[in-house]
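Each chain, letter by letter, is given below.
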Amino acid sequence: MTAPLIDPFHRAVNYLRVSVTDRCDFRCVYCMAENMTFLPKKELLTLEELDRMCSTFVRLGVEKLRITGGEPLVRRDIMTFFKSMKRHLDSGALKELTLTTNGSQLERFAEELYACGIRRVNVSLDTIDEGKFADITRWGRLPQVLRGIDAAQAAGLRIKLNAVALKGFNEDELFTLAEWCASRDMDMTWIEVMPMGDLGNEDRLDQYWSLKDLRARLAERYTLTDLAERTGGPARYVRLEETGQKIGFITPMTHNFCESCNRVRLTCTGQLYMCLGQEDMADLRAPLRGSESDAALENAIRAAIALKPKGHDFDYSRQKVDGQMSRHMSHTGG
Ligand code: SAM
Ligand code: SF4
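### A few points about the site of ligand 1
With respect to spatial proximity, 18 residues lie near ligand 1, and among them Y30, G70, S124, V164 and M194 are the closest. Y30 has a polar backbone atom sitting 3.1 Å from a nitrogen atom of ligand 1. A distance of 2.5 Å is found between an oxygen atom of ligand 1 and a side-chain nitrogen or oxygen belonging to S124. At the level of elements, β3 (96–101), β6 (187–192) and α11 (329–332) are the ones that each hand at least two residues to the shell around ligand 1. Of the residues belonging to the shell around ligand 1, the class tally is 7 nonpolar, 9 polar and 2 charged.

In structure tokens, the structure reads:
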């Protein structure tokens with residue numbers, strides 16, 4: 001029996017988020033610059049390498065795998081990877097295989113994803129206004145995403161909507177989005193915008209809309225009941241009594257969830273980030289490529305987990321972005 005991954009603060013690491021590409025068919029203003037330079041192909045883990053990497057983590061006790069990006073569904077042949085990961089669901093080693101997507105390719109892939117054992121999908125959507133959607137994603141088209149959501153629900157996938165809270169952008173859709181999600185039986189989560197490097201086009205502090213404020217506004221119309229549910233991540237949930245739906249709040253800037261953190265993140269180049277808010281990372285690609293046996297990779301993973309920091313370090317409080325990260329969400333996968 002392989003010993004599970006336990007970090008120095010006695011947290012079991014059983015959740016891996018994997019970015020399978022740095023590319024995307026959208027250019028959301030808070031995430032990417034319009035003219036992005038993407039990584040050369042040889043830097044990326046191949047689908048076979050991703051499989052070996054994820055399978056090693058599963059062997060070491062990872063029970064939940066979330067695939068992300070960039071946009072995971074634009075990676076060529078990504079369905080081959082999902083199909084292959086199904087064996088870990090079938091064996092019972094993996095409890096959940098899921099993904100975070102912008103929804104643009106869901107119309108094409110929803111049924112196949114369901115067939116691969118995926119049951120829940122997070123779709124990122126900040127607005128249901130067609131013009132605003134085109135503005136914020138630059139290259140995205142709302143009807144395509146809505147068709148994707150329809151297809152996913154028809155295929156039996158449960159959808160949770162993720163919206164980034166942006167001051168002056170989707171404040172006026174707080175109730176519209178809640179009601180739209182309720183009418184489609186979808187839960188939703190609001191995410192506080194994070195200082196992820198300089199994109200040269202937006203001032204993050206101007207866009208910052210605190211979820212405390214958002215929550216207070218929601219409470220003006222609905223009865224909010226706090227839910228005890230904890231995912232080991234930065235999300236906290238309430239139930240809207242009037243609609244019965246669950247609304248989550250992800251406040252990555254606060255430290256109140258680090259003590260229960262159960263997750264690590266793998267980039268598409270095989271770097272393992274132990275904490276979203278810290279630069280500490282371990283290169284797993286070298287041990288993976290360096291040997292056909294998985295022993296070196298396993299050792300490198302264990303050594304990395306032993307360095308998982310206690311917590312992270314963002315701070316907006318002095319009206320300047322301390323602890324600002326130079327890497328983008330599209331690199332670590334959000
Ligand atoms: N392309 C997929 C998508 O959009 O869902 C997956 C990758 S995307 C990087 C993952 C999540 O990160 C999305 O929900 C996106 O809104 C969020 N995100 C990107 N940049 C962010 C930022 N600066 N602050 C907060 N959330 C951000
Ligand atoms: Fe692409 Fe997702 Fe980043 Fe938007 S948030 S640019 S969809 S990776």
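### A closer look at the environment of G140
With respect to the element layout, G140 can be found in the loop between α4 (130–137) and α5 (142–155). Along the backbone, G140 and S104 are 36 residues apart, and their C-alpha atoms lie at a distance of 7.8 Å. Not counting the four nearest positions on each side in its chain, G140 is found in contact with F26, F133 and A134.

### Description of the layout of surface pockets
There is about 350 Å³ of room inside the second largest pocket. Around the second largest pocket, the lining comprises 14 residues; the ones closest to its centre are R23, K41, L44, R75 and R76. Residues belonging to the lining of the second largest pocket are distributed by class as follows: 6 nonpolar, 2 polar and 6 charged.

### Let's talk about unusual backbone geometry
Despite not being glycine, D77 has its phi angle at roughly 65°, a positive value. One can find D77 in the loop between β2 (64–68) and α2 (78–91). Its identity is not glycine, yet D185 carries a phi of approximately 60°, on the positive side. Its location among the elements puts D185 in the loop between α6 (174–183) and β6.

### Some words on the packing of aromatic side chains
Here the structure, examined in full by the defined rule, presents 4 aromatic pairs. A centroid spacing of 5.8 Å and a plane angle of 85° characterise the contact between F26 and F133, whose relative ring orientation is edge-to-face. In this pair, F26 is assigned in the loop between β1 (15–19) and α1 (47–59) and F133 in helix α4, connecting sequence segments 107 residues apart. Taken individually, F26 and F133 each receive the classification buried, so the pair is uniform in this respect. When the ring of W190 is compared with that of W209, the centres are 5.8 Å apart and the planes differ by 70°; the resulting orientation is edge-to-face. One end of the pair, W190, is in strand β6; the other, W209, is in the loop between α7 (204–207) and α8 (211–221), and 19 residues separate them in sequence. Like W209, W190 is buried.

About the criteria used
- Residues numbered from 1 in each chain as written.
- Chains lettered and ligands numbered in written order.
- Predicted model: local features only at pLDDT ≥ 70, side-chain atom pairs only at ≥ 80, totals over all residues.
- Heavy atoms only, no water.
- Near = heavy atom within 4 Å.
- Polar contact = N/O pair within 3.5 Å; in protein donor to acceptor, adjacent residues only side chain to side chain.
- Helix = DSSP H or I, 4+ residues; strand = E, 2+ residues; numbered from the N terminus.
- Nonpolar A, V, L, I, M, F, W, Y, C, P; charged D, E, K, R; others polar.
- Contact = heavy atoms within 4.5 Å.
- 1 Å grid on protein atoms, 1.4 Å probe; cavity = no way out; pocket = protein on both sides within 12 Å on 5 of 7 lines; lining within 4 Å.
- Points joined across faces, edges and corners; volume = space filled by probe spheres on them.
- Phe/Tyr/Trp six-rings, centres within 6.5 Å; stacked < 30°, edge-to-face > 60°.
- Buried < 20%, exposed > 50% of the residue type's maximum accessible area, 1.4 Å probe, protein only.

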